[in-house]
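Okay, here's what each chain looks like letter by letter:
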Amino acid sequence: MALQFPAGLTRRGFALAQELRASGFDVILSGDPCYGACDLALDTLEVADVLVHFGHAPVGPHERVIHEPVSMDFDPGMVREALPLLRGPRIGIVTTVQHVHLLEAVADELRRAGFDPVVAGGSGRTPHPGQVLGCSFRAARETGADEILYVGTGLFHPLGVQMATRARVVALDPFTGQATEVSAERFLRQRFGLIERARTAERIGVIVSAKSGQRRLDLARRLAGLSGRAILVMMREVTPEALLDLGCNAYVNTACPRLAYDDQARFPVPVLTPAEFEILLGIRSWEDYVADEWGEG
Ligand code: SF4
């Protein structure tokens, strides 16, 4: 059997592999970086009967792949720290996969405090109720709420929730209890600046991912067809070095949306989202800006 762990948990893999081997299994560990279930180590199936992927819910069906959740507990009572920032009464609640098991307990806390929490059902790429991914904020949108509570760490997901819903978003770090109202305004100003920087680009690479769960080939082909300056580029790992080597003055990213949004500071030239490229070409207005999501755009 092959084992695949997400970045940050890989070190756990060695001990588990040893345990399984002691129990009689023939084990191989995937050593490539992995950030989501969009990036299954399917090549290990050439040498193993089954791949056990830890920490992410499936984003699509695959034979011989077992998804093993890795849950992270926190005290649902932590939601009290966010109460002063919430207006309510109706509040959509979302989180990432490792905390979905506690979302109902968070909802109960909110009810006790007099709010009306809403959790959207799971489907497609986000199969758990209330689950969001960096490439899918459907569960936030489908609450239909004007106010969303994001429970989790970091600012990337709550920023995405705000761009995707235009709702008021409060982010609660369930470990530190720190609650913040999130505004995407400054972030969007930076994105606007990148579009302007890309305007004079003579060579534009439209990136399509070689990873099956990140591949949006139809979208990438459509975008590349919109401009004589654009060429389709297939890549597995989108790194600053690889972009520098290709020598384009700007890129359009159709692989993992986090690459454009989260990693721009590492890249040597502007890396635009599909909607940003359409804005650059004048076929979409800035007012119609949409967050880059799987299946949208
Ligand atoms: S495409 Fe990006 S955001 Fe979506 S599941 Fe994969 S790593 Fe996560």
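Residue positions are given per chain, counted from 1 along the sequence in the order it is written. In view of the model being predicted, local features appear only for residues whose pLDDT reaches at least 70, and side-chain atom pairs are presented and counted only at 80 or more, with totals across whole chains, interfaces and linings using the full set of residues. Note: side-chain values were computed over all heavy atoms of the structure, leaving out hydrogens and water.

1. A few points about the layout of surface pockets
The gaps left among the atoms become clear once a water-sized probe is rolled over them. The volume enclosed by the largest pocket comes to roughly 1,100 Å³. For the largest pocket, the lining is made up of 48 residues, of which Cys 34, Tyr 35, Gly 36, His 56 and Arg 258 are closest to its centre. The helix and strand labels rest on DSSP assignments: H or I over at least four residues marks a helix, E over at least two residues marks a strand, and numbering proceeds from the N terminus. For the lining of the largest pocket, the secondary structure elements donating two or more residues are helix 4 (156-165) and helix 8 (257-262). Top contributing element to the lining of the largest pocket by residue count: helix 8, with four residues. Lys, Arg, Asp and Glu make up the charged group, whereas Ala, Val, Leu, Ile, Met, Phe, Trp, Tyr, Cys and Pro make up the nonpolar group; the residues left over, Gly among them, are polar. Across the lining of the largest pocket, the residue classes tally to 24 nonpolar, 15 polar and nine charged. Taken together, Gln 162, Met 163, Arg 166, Ala 184, Glu 185, Leu 188, Trp 286, Glu 287, Tyr 289, Val 290 and Ala 291 make up the lining of the second largest pocket. Elements with a minimum of two residues in the lining of the second largest pocket: helix 4 and helix 5 (185-198). Split into classes, the residues belonging to the lining of the second largest pocket amount to seven nonpolar, one polar and three charged. When we break the lining of the second largest pocket down by domain, the ones giving at least three residues each are domain 2 (76-182) and domain 3 (185-288). Note on definitions: the grid is 1 Å and covers protein atoms alone; a cavity is a set of points where a 1.4 Å probe fits but cannot get out; a pocket is an open set with protein on both sides within 12 Å along at least five of seven lines; lining residues have an atom within 4 Å of a point. Grid points are joined across faces, edges and corners, and a volume is the space filled by probe spheres set on the points. What fixes the domain bounds is an automatic or database domain assignment.

2. What about the side chain of His 56?
Tracing the backbone through its elements, the reader meets His 56 in the loop between strand 3 (51-54) and strand 4 (65-68). A 1.4 Å probe rolled over the protein chains alone gives each residue an accessible area, and that area as a share of the maximum for its type sets the label: buried under 20%, exposed over 50%, partly exposed in between. Relative accessible area serves as the criterion here: at 16%, His 56 is assigned to the buried category. For His 56, the side chain forms a polar contact with the side chain of His 53, separated by 2.9 Å. The criterion used for residue contact is that any of the two residues' heavy atoms lie within 4.5 Å. Those residues in contact with His 56 that lie beyond four places of it in its chain are Pro 6, Cys 34, Tyr 35, Gly 36, Ala 37, His 67 and Val 97. Polar contact criterion, stated in full: a pair of N or O atoms within 3.5 Å, where within protein one must be able to donate a hydrogen and the other to accept it, and residues adjacent in sequence count only if both atoms are side-chain atoms.

3. Here's the deal with the environment of Ala 113
Relative to the elements of secondary structure, Ala 113 occurs in the loop between helix 2 (103-112) and strand 6 (116-118). The exposure class assigned to Ala 113 is partly exposed, which follows from its relative accessible area of 36%. Taking the C-alpha atoms as reference points, Ala 113 and Leu 102, eleven residues apart in sequence, are found 17 Å from one another.

4. Concerning the domain arrangement of the chain
Entries for the chain in the domain assignment read domain 1 (2-68), domain 2 (76-182) and domain 3 (185-288). Between the C-alpha centres of domain 1 and domain 2 there is a distance of 29 Å. Three residues, Ala 57, Pro 58 and Val 59, lead the burial of domain 1 against domain 2; their summed loss comes to 77% of the area buried on that side. We define a salt bridge as a side-chain nitrogen of Lys or Arg found within 4 Å of a carboxyl oxygen belonging to Asp or Glu. Where domain 1 touches domain 2, the interface holds zero salt bridges. Here domain 1 is connected to domain 2 by zero residue pairs in polar contact (both at pLDDT 80 or more). Residues of the side of domain 1 that touches domain 2, tallied by class, amount to four nonpolar, two polar and no charged. By convention, the term buried area covers the 1.4 Å-probe accessible surface removed from two parts as they join, with the contributions of both added.

5. Some words on the side chain of Gln 264
With respect to the helices, strands and loops of the structure, Gln 264 is situated in the loop between helix 8 and strand 13 (271-272). Among the polar contacts made by the side chain of Gln 264, one reaches the main-chain carbonyl oxygen of Val 269 at a distance of 3.1 Å. When neighbours within four sequence positions are excluded, Gln 264 is seen to be in contact with Arg 191, Leu 194, Leu 259, Val 269, Pro 270 and Val 271.

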